[in-house]
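Understanding the architecture of this molecule
Here's the letter readout for the chains.
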Amino acid sequence: MKKTALFGAIALALSVAASAKEWKEIRVAIDATYKPFTYKTPEGKPTGFDVDIALALCAELKAKCVFVEQAWDGMIPGLNAKKYDAIISSMSITEERKRAVDFTGKYYNTPSRVVVKLGGGIKNVPADLKGKKIGVLKGSTQEKYARGELEPMGAVIVPYEAQDQVYLDIKSGRLEGTVADTVEVYEGFLKTPDGKGWGFVGPILNEQKYFGEGVGIAVRKSDRDLRDALNKGIGTIRGNGVWKKINDKYFNFEAWGK
């Protein structure tokens, strides 16, 4: 019996070791339309805060990062269909998503807000948005908020496959506003020439029932070893200054949040 138990323990240890060695390559899903978190260089190379975080974590795990582009609303189905191994693309940790995938702890947390044309009479959110067309990223926490709070007050919610498509339709006059992450909408729209005259209205949006517990990395529920390794990696880069170096490359504030 002792020999059987010993052999069983050895077999288990070998199994765990073999499983750990499988993560020599990590396929990372990104939506490259979300500047400054995930976007492309003029040469078409993925870059941004999320991408640099992914590369830093892969370095900690001694694994190769392979980036896989995916439309936002197909992120979780693609993960569970094994098209990639992790989502490192500004995905908020919510109770609804946790029913489908596992998450690491957060690696950043920034709030959202409503953006409209300034001077157009929209001051009170959600009351003044009645009848207004508000574009949102399909499947996002911002869409969930807009459906829960703005639509019941008469706003017309229009979902899009990518956030940059929202800005194109704002520019063309087909939309009267958006709900977006404050950092992303500033970088992707407000600081551009197309964003002149537009700005934030209403309160800072960070209610946990809509926006979750911060942004984490999603993995399949069957890949707890990868989740745990990535969690350890987040703690390491947070402690050794790598996270701050990446943060300071993109932001003039700390994006870790509360």
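Residues numbered from 1 in each chain as written. Predicted model: local features only at pLDDT ≥ 70, side-chain atom pairs only at ≥ 80, totals over all residues. Heavy atoms only, no water.

Right, let's talk about the overall build of the chain for a bit. What the chain contains, in helices and strands, is 10 helices and 12 strands. Each principal axis of the C-alpha atoms in the chain carries an extent, and together these give about 80 × 35 × 30 Å. Contacts spanning at least 24 positions in sequence make up 70% of the contacts within the chain whose residues lie at least 6 apart. (Helix = DSSP H or I, 4+ residues; strand = E, 2+ residues; numbered from the N terminus. Contact = heavy atoms within 4.5 Å.)

With that settled, consider helix H10 (residues 242–250). Taken together, the buried positions of H10 are occupied by Trp243, Ile246, Asn247 and Tyr250. Seen from one end, H10 has its buried residues packed into an arc of 100°, which puts them on one side. Away from the buried face of H10 by more than 90 degrees, exposed residues Lys245 and Lys249 are located. Among the structural elements, strand E2 (39–40), strand E3 (46–47), helix H2 (49–60) and helix H9 (224–239) are those in contact with the buried residues of H10. (Buried < 20%, exposed > 50% of the residue type's maximum accessible area, 1.4 Å probe, protein only. Arc of directions from axis to C-beta.)

With mixed pairing, 5 strands are arranged side by side in an open sheet as E9-E8-E10-E7-E11. Unpaired on one side and paired on the other, strand E9 (156–160) and strand E11 (198–205) mark the two borders of the sheet. When strand polarity is set aside, the average angle formed by the axes of neighbouring strands in this sheet is 30°. For strand E8 (residues 133–137) and strand E10 (residues 177–181), the ladder comprises 2 bridges, and the chain directions are parallel. Bridge pairing links Ile134 to Gly177 in E10. Strands strand E7 (112–117), E8, E9, E10 and E11 of the sheet are contacted by helix H5 (residues 141–150), whose axis makes an angle of about 130° with E10. Running over the sheet, helix H7 (residues 182–190) touches E7, E10 and E11 and is turned about 125° from E10. (Pairing = 2+ DSSP bridges. Axes fitted to C-alpha atoms, helices over the stretch in contact; angles between N-to-C directions.)

Mapped onto the fold, Ser140 is located in the loop between E8 and H5. Only 3.0 Å separates the side chain of Ser140 from the backbone nitrogen of Glu143, close enough to count as a polar contact. Sequence-distant contacts of Ser140, that is, excluding residues within four places in its chain, are made with Trp72 and Arg97. (Polar contact = N/O pair within 3.5 Å; in protein donor to acceptor, adjacent residues only side chain to side chain.)

This part is about unusual backbone geometry. Across residues other than glycine, the phi torsion is negative in most instances, and most of the peptide bonds are trans. Cis rather than trans, the peptide bond between Lys35 and Pro36 has omega equal to 5°. Residue placement: Pro36 occurs in the loop between strand E1 (25–30) and E2. With omega at 10°, the peptide bond leading from Val125 into Pro126 counts as cis. One non-glycine residue, Lys82, lies in positive phi territory at about 65°. Position of Lys82 among the secondary structure elements: in the loop between helix H3 (75–80) and strand E5 (86–92).

Before going further, it helps to spend a moment on the confidence of the model for the chain. Per-residue confidence for the chain gives a mean pLDDT of 93; residues scoring 70 or more make up 92%. Taken together, the stretch residues 1–21 has pLDDT below 50 and engages in 1 contact with residues farther than four places along the chain or on a different chain. (pLDDT = per-residue confidence, 0-100.)

All told, the structure shown has 1 disulfide when counted by the stated rule. Across a sulfur-sulfur distance of 2.2 Å, Cys58 and Cys65 are joined as a disulfide pair. Note on the Cys58 and Cys65 pair: the S-S dihedral is about 75°, so by sign convention the disulfide is right-handed. When its relative accessible area of 4% is taken as the criterion, Cys58 is described as buried. (Disulfide = S-S within 2.5 Å.)

Let us look at the packing of H2 against H9. Running from N to C, H2 and H9 cross one another at 105°; their axes reach a closest spacing of 9 Å. As the angle between them shows, H2 and H9 are arranged roughly perpendicular. Contacts from Ile53, Ala56, Leu57 and Glu60 in H2 reach Leu230, Gly233, Ile234, Thr236 and Ile237 in H9. Taken together, the residues of the contact of H2 with H9 break down into 6 nonpolar, 2 polar and 1 charged. (Parallel < 35°, antiparallel > 145°, perpendicular 65-115°, else oblique. Nonpolar A, V, L, I, M, F, W, Y, C, P; charged D, E, K, R; others polar.)

Okay, H2 next. Since the α-helix packs 3.6 residues into each turn, any two residues three or four apart lie on the same face. Helix length check: H2, at 12 residues, gives a terminal C-alpha distance of 17 Å against a target of 16 Å (1.5 Å per residue), a fit within 8%. Summarising burial for H2: 9 of the 12 residues are buried, a large majority. Residues Phe49, Asp50, Val51, Asp52, Ile53, Ala54, Ala56, Leu57 and Cys58 constitute the buried set of H2. At the exit of H2 stands Lys62, carrying a positive phi of roughly 55°. (Expected span 1.5 Å × (residues − 1).)

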